[in-house]
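Descriptive structure summary
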Amino acid sequence: MRKTIQLLFLFFFTYLFLRTHYPLTSWIPVDLFLRADPLIALTALLSSKEITTHFIPAMILMVLTLLFGRFFCGYLCPLGTLIEVSRRLLPAPEVRHPEKLRVVKFYLLMVIVIASTTGAQLAFLFDPTVILTRTYTILLSPLIILVANFSLEGIRPLADHLGLITLAYLHYFQPLFYTTLSTGAIFISIIALNLITPRFWCRYLCPLGALVSLCSRVGIFKRMVDKSCTYCMKCTHQCPMGAIEEDPTKVKVRECIQCRTCTLVCPQKVVSFKPHYAPFHEDLHTELGITRRGFLCSLSGGLISSFLLYNSPLKRGRGDTLIRPPGALPEEAFLNTCIRCSACMKVCITNTLQPSLFEGGLEGLWTPRADLRRAACEQSCNLCGKVCPTHAIRDLDPEEKKHAKIGTAVLLKEKCLVWEQDKVCLICDEQCPYNAIVFKTVEGLRRPFVIENKCNGCGFCEQKCPVEGDAAIVVKPLGEIRLKEGSYRKEAELKSLKLTEDSGYDRFLFENESGKEVNE
Amino acid sequence: MQKKENSNHQLTRRDFLKTSAKAGVLFSLGYPLLSESGKAATSVAVSATDLAVVKGNPEKAVLKAIDLVGGMKQFVKEGQRVVIKPNMSFAKTPEEAANTNPVVVATVAQACRDAGATQVLVLDHTLQQGDLCIEKSGIGEFCQSIKGTYVLALNDEGFYQTVNVPRGKVIRELKIMKEILKSEVLINLPTAKSHSATGVSVGMKGLMGVIWDRGYFHSQVDLHQAIADLTSLVRPNLTIIDASRVLASGGPSGPGIVEKLNTIIAGVDPVAVDAYGVTITKWFFRKFEPAQIKHLLAAHQMGLGNINLNQLKIQEETV
């Protein structure tokens, strides 16, 4: 029963992940799991200091946790399910229970929550939903598409022969992401820790587990053992969380994930989970194990983490290479709000959104940035803002999105084929959806210029520039519009931007047969 | 034969695969559409009319134009596989006129089917995301209901193959769609639009959509000669220009001035059709002579077709 629910939720999570693509047609919000994550909700709330209706699923989950205890870990958490499933597949050496480590997750939770009040976003490193979404996006989905395309390659001739043209030409767009290795390493470590102790991650490290566990005390379903217990210790040994003590009638209620393995394995059938409201029952072990020293350390750790992040040796000024997705909040707010779940990167139709490494400093790790040399930002797509669970990227309608300028193209004349080599190249102009590139006659040849107030930084010019290596026309963050609230269109109007479809600048003429020279 | 040779020494699996692949390319494909294979090398006037120019409702005009150049049965035989190459490179709506009018594409596809084509493949190597181009251009939607017709954006290098360009002056070899090598009939179905590099983009320029690396044309060689070289290699059996809407400025991608000319031009000689296409309106606010468009001139000089409109039999009609 429990396994069925677990698998169903894992499939549901995977399904919603797979639906995170263009066109976004799912009526269930594809970021539902992220929005139902209380840790994300809490840190987003604390760092942005705003309450939104966006996190109602997380609030519902918290209410349910208050009612039913730490059931999230045992039933809903997709990472928890994967950890359990992998435990079955992996060899299981001697189990060790470093009980002292249990408190680590509470310390981690404290650091994360305290840090979020100071504006540093750390949940992304440890939140299981984020970790799994990111692993799916950056590692698994590209890998699966790679295998799928490779297999399709093999059946093309046969499909073509059979007249199955659609199959013969079926080819999935291959997304690729940077930081595959680090993302994969984290995921594999979490799975591998299972070898030391079952659900090592859930027992000792997961801050989301810690958060729901804090509320579990008041839950109405609690493990109760009848007096006729024979102390056979089966439940103690089989509990996946190691939550049952040496005295099997007692349970560490904070560790109990309501999986009810104990009721199944008990030969006497004396273990029950009857509704019983007794938050202060003597058999309940509710101690957190937090020491004064640990408390002070994690408190100060949380408080200074933002200081450390923003002043680390890896900190750099925001370089020229950091182009944020359209509608991204102002940089500081963006860094505080973005949970690095990479849903935006998954949904991005052109694959331009890539995880940052250190382009935005250490604190910008895994935040989305547009790699416009790799691909441009499709102007009719506004999905990154639609799937962002924390609204670090604003949900904009297509017209607003068009005005959410992400940068300005800068022409590097010394690399440009026309300026430097007198070639008849015009790809940037051909590509530009806004006619922001015009040609003017200079030294007898028509040469490209960027009209800054017509450029919204979409990057088609940079992507398609035929120069080898870095493009001769590069989008820089120059002039980007980042608004916490209000209309981008109005802001663009204030800045005299003309991101509309007119061809007013295109009035150049071809002179004589060469077709090369022009006269304005 | 190839296999026998190899069996003398050890035949490894890799050798076998390599050899069969080569043999496959040489014998089974046979490059039906490439000019040098002889079949379509010379432009033979299939009807008394060199160029058909029809004005009116695009759907009717296309059908009339096909009739005037000899009927679709002249070009498509029972059981053949046809490639239609429209302009489908941009994620733009039909009204923006950067792509071929979907009504025209669907009408031609249906005409091919009616003439007996088993499969009609509407192909382009799109500049923007493929699915979006198919969706926004309306071509996917309009062709959906036509049986045996497939609208595909071939944006993976695996669908392309390198071939020699024997008559090329600046292009020696070129990576082109394998499907072009395989299909028996190629119908070029460009829209006429202004183009900031070539002045006007019609059929010959539009055929750059069948090659893998367009950037090379722009950056490494003389673009105009490269287009002519491409025409010397890939020669459509029929070219139909969709000038129902034309992007008279701001091309090739727009935004720009869109004129509703409601004109369809059809012909076998790809250079002649383009030459007429140049004259139908003002591009970038001025009139062009065909010889002023450098790639047309280059193709004419290579003997690939005729840009002298006064030497052609042009039949004009209105429907």
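Residues numbered from 1 in each chain as written. Chains lettered and ligands numbered in written order. Predicted model: local features only at pLDDT ≥ 70, side-chain atom pairs only at ≥ 80, totals over all residues.

1. As for the overall build of chain A
What counts is decided by this rule: Only DSSP runs of H or I reaching four residues or more are called helices, and only runs of E reaching two or more are called strands; each is numbered from the N terminus. For every residue, the other C-beta atoms within 10 Å of its own C-beta are counted; 20 or more classify it as buried, 12 or fewer as exposed, and values in between as partly exposed. C-beta atoms are placed from the backbone. Two residues form a contact once the distance between their C-beta atoms, set from the backbone, is within 7 Å.
Scanning chain A from terminus to terminus reveals 24 helices and 12 strands. For chain A, buried positions account for 48% of its 520 residues. In chain A, the share of contacts with a sequence separation of at least 24, taken over all contacts with a separation of at least 6, comes to 75%.

2. Concerning the overall build of chain B
Within chain B, the secondary structure is distributed over 12 helices and 13 strands. Of all 319 residues assigned to chain B, the portion counted as buried reaches 58%. Put simply, of all contacts in chain B between residues at least 6 apart along the chain, 73% involve residues at least 24 apart.

3. Here's the deal with the packing of helix α7 (residues 104-117) of chain A against helix α13 (residues 207-214) of chain A
Residues and elements named next belong to chain A. Applied cut-off: Convention adopted: a line fitted to C-alpha atoms gives each axis, helices being fitted over their contacting stretch, and angles between N-to-C directions are expressed from 0 to 180 degrees. Roughly parallel covers angles under 35 degrees, roughly antiparallel covers those over 145, roughly perpendicular covers 65 to 115, and oblique covers all other angles. Each residue is assigned to one of three groups, with Ala, Val, Leu, Ile, Met, Phe, Trp, Tyr, Cys and Pro labelled nonpolar, Asp, Glu, Lys and Arg labelled charged, and all others, Gly among them, labelled polar.
For the pair α7 and α13, interaxial distance at closest approach is 8 Å and the crossing angle is 95°. On the basis of the axis angle, α7 is roughly perpendicular to α13. Contacts between α7 and α13 involve K105, F106, L108, L109 and I112 on the former and, on the latter, P207, G209, A210 and L211. For the contact of α7 with α13, the per-class residue count stands at seven nonpolar, one polar and one charged.

4. Details of the domain arrangement of chain A
Rule in force here: Each domain span listed reflects an automatic or database assignment of domains.
Structurally, chain A comprises domain 1 (2-219) and domain 2 (408-520). Here the C-alpha centre of domain 2 of chain A lies 42 Å away from the C-alpha centre of domain 1 of chain A.

5. Describing the interface of chain B and chain A
Counting residues at the interface gives 34 residues for chain B, matched by 35 residues for chain A. Where the side of chain B that touches chain A is concerned, the elements lending two or more residues are β3 (119-124), α5 (130-136), β4 (149-153) and α9 (214-219) of chain B. Examining the composition of the side of chain B that touches chain A, we find that three residues originate from one element, α9 of chain B, more than from any other. Looking at the side of chain B that touches chain A residue by residue, the class counts come to 15 nonpolar, 15 polar and four charged.

6. Quick notes on the pairing of strand β1 (residues 51-55) of chain B
Residues and elements named next belong to chain B. Quick note on the threshold: Paired strands are those between which DSSP finds at least two bridges.
Counting buried positions along β1 yields four of five residues, so the element is predominantly enclosed. Relative to strand β13 (residues 314-318), β1 runs parallel, the two sharing five bridges. Residue V53 lies in a different strand from β13, and its bridge partner there is E316.

7. Focus on the packing of helix α3 (residues 58-68) of chain B against helix α4 (residues 102-114) of chain B
All names here are of chain B. Note the cut-off: Note on convention: the crossing is left-handed when the near helix lies turned anticlockwise from the far helix by less than a right angle, right-handed when the turn is clockwise.
Between α3 and α4, the shortest axis-to-axis distance is 9 Å and the interhelical angle comes to 40°. With respect to their mutual orientation, α3 and α4 come out oblique. Crossing handedness for the pair α3 and α4: right-handed. For the pair α3 and α4, contact is made by P58, E59, V62, L63 and I66 and by V103, V104, T107, V108 and A111, respectively.

8. Quick look at helix α16 (residues 292-310) of chain A
All names here are of chain A. We count it as follows: A helix is expected to span 1.5 Å for every residue after the first. Given a residue, its bend is the angle between the two axes fitted to the seven residues that end at it and to the seven that start from it.
The end-to-end C-alpha distance of α16 is 28 Å, a good match for the 27 Å that 19 residues give at a rise of 1.5 Å each. The sharpest bend along α16 comes to roughly 40°, located at I304. For α16, the complete set of buried residues consists of S298, G302, S305, S306 and L309. Against α7 lie the buried residues of α16.

9. Re the environment of W27 of chain A
Residue and element names in this part refer to chain A. By secondary structure assignment, the location of W27 is in the loop between α1 (2-18) and α2 (32-35). Residue class for W27 comes out exposed when judged on the 5 C-beta atoms lying within 10 Å of it. The sequence separation of W27 and L64 amounts to 37 residues, and the corresponding C-alpha distance is 24 Å.

10. So, the confidence of the model for chain A
So the rule is basically this: Every residue gets a pLDDT, meaning the predictor's confidence in that residue, from 0 to 100.
Taken over all residues, the pLDDT of chain A has a mean of 86, while the share at 70 or more is 93%. Every residue in residues 503-520 of chain A is under pLDDT 50, and counting partners more than four places away or in other chains gives 55 contacts.

11. Some remarks on the nonpolar core
Looking at soluble globular proteins, one finds that nonpolar side chains tend to be buried together. The following threshold applies: Nonpolar core, as used here: buried Ala, Val, Leu, Ile, Met, Phe, Trp, Tyr and Cys residues forming one set through C-beta atoms within 7 Å.
Core analysis: the biggest nonpolar cluster contains 242 residues, and A65, V105, V108 and V122 of chain B have the highest contact counts within it. Considering each element in turn, this core owes the most residues, 10 residues, to α7 of chain A. When residues of this core are assigned to domains, at least three map to each of domain 1 (2-219) and domain 2 (408-520) of chain A. Setting aside its immediate chain neighbours within four residues, A65 of chain B contacts A52, V54, I240, I264 and A266 of chain B.

12. Quick notes on the pairing of strand β2 (residues 81-86) of chain B
If a strand is regular, its side chains alternate between the two faces of the sheet. Residues and elements named next belong to chain B. Taken across its six residues, β2 has six buried, putting it largely inside the fold. Here β2 shows two buried faces, one formed by R81, V83 and K85 and the other by V82, I84 and P86. The sheet contact formed by β2 and β3 spans four bridges and is parallel. Bridge pairing links V83 to L121 in β3.

13. Some points on the confidence of the model for chain B
Residues and elements named next belong to chain B. When pLDDT is averaged along chain B, the result is 86; 85% of the residues meet or exceed 70. Low pLDDT, under 50, characterises residues 1-11; the predicted model gives this stretch seven contacts beyond four residues in sequence or across chains. The low-confidence segment residues 36-45, where pLDDT is below 50, has 16 contacts with residues more than four positions distant or belonging to other chains. Interface confidence for the predicted complex, expressed as ipTM, amounts to 0.78; the pTM equals 0.85.

14. Comments concerning α13 of chain A
Residue pairs three or four apart in sequence face the same way in an α-helix, which turns once every 3.6 residues. Burial within α13 of chain A is extensive, with seven of its eight residues counted as buried. Looking at α13 of chain A, one finds that the buried residues are P207, L208, G209, A210, L211, V212 and S213 of chain A.

15. What about the environment of K294 of chain B?
Here K294 of chain B lies in helix α12 (residues 294-301). Distance from K294 of chain B to Q225 of chain B, taken between C-alpha atoms, is 7.8 Å for residues 69 residues apart in sequence.

16. Observations regarding unusual backbone geometry
Note the cis peptide between Y22 of chain A and P23 of chain A, where omega equals -10°. If you trace the backbone, P23 of chain A turns up in the loop between α1 and α2. In the segment running from G251 of chain B into P252 of chain B, the intervening peptide bond is cis, with an omega of 5°. Inspection of the secondary structure puts P252 of chain B in the loop between β10 (238-247) and β11 (258-259).

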